Each structure stands twice: as structure tokens, then as C-alpha cells.
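Letter by letter, the chains look like this.
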Amino acid sequence: MKKIYADNAATTSLAPKVLDVMMPYLTTQYGNPSSIYSIGAEARKAVDLSREAVANAIGATPGEIYFTSGGSESDNWAIKGVMHQLKSKGKKHIITTAFEHHAVLHTVEALVKEGFEATYLDVHSDGIVRHEDLKNALREDTGLVTIMYANNEIGTIQPIAELAKICREHGVLFHTDAVQAIGNVPINVQDENIDLLSLTAHKFHGPKGCGALYIRKGVRLQTLIHGGAQELGKRAGTENVAGIVGLAAALTNAIATMYERHEKLTSMRNRLIDGLLTIERSRLNGDRDKRLPGNVNMCFEGIEGEALLLSLDLKGICASSGSACTSGSLDPSHVLLAIGLPHEIAHGSLRLSFSDENTEEDIDYILKTVPPIIERLRSMSPLWEKIMKENK
């Protein structure tokens, strides 16, 4: 049976050449970067070169890059670190959106429990934040605005440069969770007025368990993890040298191949969208064009997303209904609810996300496989029967 992995928004495979550059630091060059003898110095050099590579990829300087365990830690550190630092200055207000990743939403919720205040911006039916909504939400005591660069479920890309410029003009720090966007769209933190940016390696064919946080020079934030003096004294813990080297290698390759991949994936994405929209009572979630090149998120009325995913798995297709971080939840996606979908439609969602390892043949197989599954599930659905009766 054909096997298709179409859940690259959840994680990507580790590229063989990335594993190759990691292997020495898992075997022979295992030194602690904080040690002064030769194998420790070799590890330190590898970390320093990787920091420089990550900085070059996003238009930063090496001293602005801090390695972490992944996107969730980076988000937590950026948001909690800034707000705790600014609390003494009377800055108790934070602005985010209603469809952020839970690494952001739950962090903001934790701050609210401490006494901070939060405003959640509307993302509208197309999944895009409006400039005027951000301007209207800003207050004298706003300390931070955190808006994701590209949504992890529906793939919509935000006008980050314009939103961050508004914040810069009002003296408010701007953080973006760029976990899905990095390596897929060009990002320059200087040109786009970004103060803090989160990323993680496993979304662009790097290893799991390693990420980074960009902190613009001059931005102060409290330390999240205390202990040793690693990461310029701001993030304790012996460095994950192999992971850091893998992150840098994967990101460097992603940047180098970005435009070629964008053209290929956009073409595949659009063909798949057009094909799935021929299914009765189907809809595309999020803006058609302002979305990640490899993201397709659909809803099919009258079915349950979980049943669809299990049926696809039996046919060799790995997909999802939303974020892998909430896959155990029976509730509909908060992202789909945020763009205005009713519960009964949001329950029938399907996310297909691709990488450069996918092919046109994969799209052919998905387009051949999905419609009969939808038809079979609807034939057993009381909800679909009700929909049909109401529309006679």
C-alpha cells in the first residue's frame, strides 16, 4: 500500500545530511562546550558557528540568538520574560490573537492568572489580523504584542512587518512565533521590526528538541531557566550541541532551497485545493493566497474529522485535523472557531501539509482517495442526513 506523509506541519523527517553533520557530536566530539580542553573547545566552536548561521538566516547578529529546547520554550521565555521584566514599569497588558498556538495562548493565560491583562485580536474569516484592530487594542500599559507569523493549522501568513511597525511606533515590544514560517517564507528581523522571534528545528527537517529565540539587542527580559552561565548567561543548561548543529544545518539548507520549494509546493497545494473543493459542501479554511505554500486546511460538512483521519490512515495517508499538540482533544479546533466556523462544521476538518519530499503523485493519490471516504462517512452520518433534508 502506498504511504504518504502529509503532516509536515506537525513535524518533518530528519534530513540525512543533517544527521550526518550531527553524528560527530553524538559520538567522538562529545565534549561539553563549557570545558577548556580540546574536545570541549571543538564543541564550543560548533555552537558558535551554528549561532552565526542561524543569525545570518534571519538578518540578526550572533549575540541575539539563544538556543532553547524548542518553540514552546522560546515562546514561554519571550512572553513571560518580557512581561515580568516590564511589570515594575506598570506594563501589565499583553496583546495576542485568538488563534495562536497553545504555547502562546496558555502562556498568556498563566500571566493573566498572575494579574496581567490580555486582549485577543480577531483574525476574521480569512485568518488575517487587521492593522486597525491592533491599533485600537494598544494601551498605555501595553508591554508586548505577540502574533504568530503563520498559523500552524490554516497556514495563513500575517502582515508581520506592518503590525510590528505599529508596535515600534508606539514603543511596544513585538514577538512572533515563527515556528511554521521559518524556512518557508523569507524573514528579516531588522527589516520587519521584530523584537523577539521563536523557531524550532523539527519543522524544517532538523532534529526535535532544539529551537532558538531571537532577542533584539537592547531588549531585556527575565531569565526563565536558572543555573549555569550558558547562552550568554541567560539560559542555563549544558548545550545540546548535536541538536544545535543540526538546527543550523537544516535552517541553512531550508533558506538556500526556499524559492524552489515554494514554487513546487504552491503548485501542488493549489491543485489539491481545487480538487477537494469539488466535493459537495466543502470549504477551504483561511485565505487562498496568503498562506504557507504547503498548507491545505479543509472542512467537510456532515462528517467527524477523527473518522476521516482514521480512514485515511487505513489508506496509507498520514494527515491531521489541526495541531498535533491538541490531537487528544475532542473539542473542535480553536483556530477554526476563531475564524467563525460553527462547531458542527469545525469538527469535520482536515489539515494536509507538505514538504519537498512530497510529489505530484501524492496529490493524485489523495485526490483519488478522499472523495469516496467522505461519501462513505456521510452515508452513515445522521448529521449529513439532516443537512440534506434541510436543503431540499
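Residues numbered from 1 in each chain as written. Predicted model: local features only at pLDDT ≥ 70, side-chain atom pairs only at ≥ 80, totals over all residues. Heavy atoms only, no water.

A. Representation of the environment of alanine 161 in the model. Relative to the helices and strands, alanine 161 resides in helix H6 (residues 160-169). A relative accessible area of 24% means that alanine 161 is categorised as partly exposed. Separated by 27 residues in the primary sequence, alanine 161 and asparagine 188 have C-alpha atoms spaced 9.3 Å apart. Setting aside residues no more than four positions away along its own chain, alanine 161 makes contact with Glu192 and Asn193. (Helix = DSSP H or I, 4+ residues; strand = E, 2+ residues; numbered from the N terminus. Buried < 20%, exposed > 50% of the residue type's maximum accessible area, 1.4 Å probe, protein only. Contact = heavy atoms within 4.5 Å.)

B. The arrangement of the nonpolar core in detail. Within the largest apolar cluster, 67 residues are counted, with the highest numbers of intra-cluster contacts made by Ile65, Leu134, Val145, Ile187 and Phe204. Apart from the residues lying within four places of it in its own chain, the contact partners of isoleucine 187 are Ala57, Ile58, Tyr149, Ala178, Ala181, Ile182, Glu192, Ile194 and Leu197. Grouped together as the second largest cluster of nonpolar side chains are 28 residues, Leu265, Phe300, Leu309 and Phe354 included. (Core = buried A, V, L, I, M, F, W, Y, C linked by side-chain atoms within 4.5 Å.)

C. Spotlight on the sheet that holds strand S12 (residues 349-353). Read from one edge to the other, the open sheet built from three strands follows the order S9-S10-S12, with strand pairing classed as antiparallel. With one partner strand each, in any of the chains shown, strand S9 (282-284) and S12 form the two edges of the open sheet. Taking each pair of neighbouring strands and ignoring which way they run, the sheet shows an average axis angle of 25°. Sheet topology note: the S9/strand S10 (residues 295-300) ladder contains three bridges and is antiparallel. What sits directly across from serine 282, in S10, is phenylalanine 300. (Pairing = 2+ DSSP bridges. Axes fitted to C-alpha atoms, helices over the stretch in contact; angles between N-to-C directions.)

D. Representation of helix H9 (residues 258-276) within the structure. Taking 1.5 Å per residue, 19 residues should reach 27 Å; H9 reaches 26 Å between its end C-alpha atoms and fits that length. For H9, every residue scored as buried is listed here: Met258, Arg261, Leu265, Thr266, Met268, Arg269, Leu272, Ile273, Gly275 and Leu276. In this fold, the buried residues of H9 make contact with helix H8 (241-256), S9, S10, S12 and helix H13 (360-379). (Expected span 1.5 Å × (residues − 1).)

E. Structural detail: unusual backbone geometry. The residue leucine 232 is not glycine, and still its phi comes out positive at about 60°. Overall, leucine 232 belongs to the exposed group, its relative accessible area being 54%. Phi is positive for arginine 281, which is not a glycine, with a value near 50°.

F. Up close: the pattern of salt bridges. Counted according to the given criterion, the structure contains 17 salt bridges. The partner of arginine 271 in a salt bridge is glutamate 360, and the shortest N-O contact between them spans 2.8 Å. Here arginine 271, found in helix H9, pairs with glutamate 360, found in helix H13; they are 89 residues apart in sequence, far enough to count as distant. When salt bridges with common partners are traced through the structure, they connect Lys92, Glu117, Arg139 and Asp141 into a single cluster. (Salt bridge = Lys/Arg side-chain N within 4 Å of Asp/Glu carboxyl O.)

G. Examining the environment of glutamate 306 more closely. With respect to the element layout, glutamate 306 can be found in helix H10 (residues 305-314). Exposure remark for glutamate 306: the relative accessible area of 52% places this residue in the exposed category. Sequence spacing of glutamate 306 and asparagine 240 is 66 residues, and the spatial spacing of their C-alpha atoms is 36 Å.

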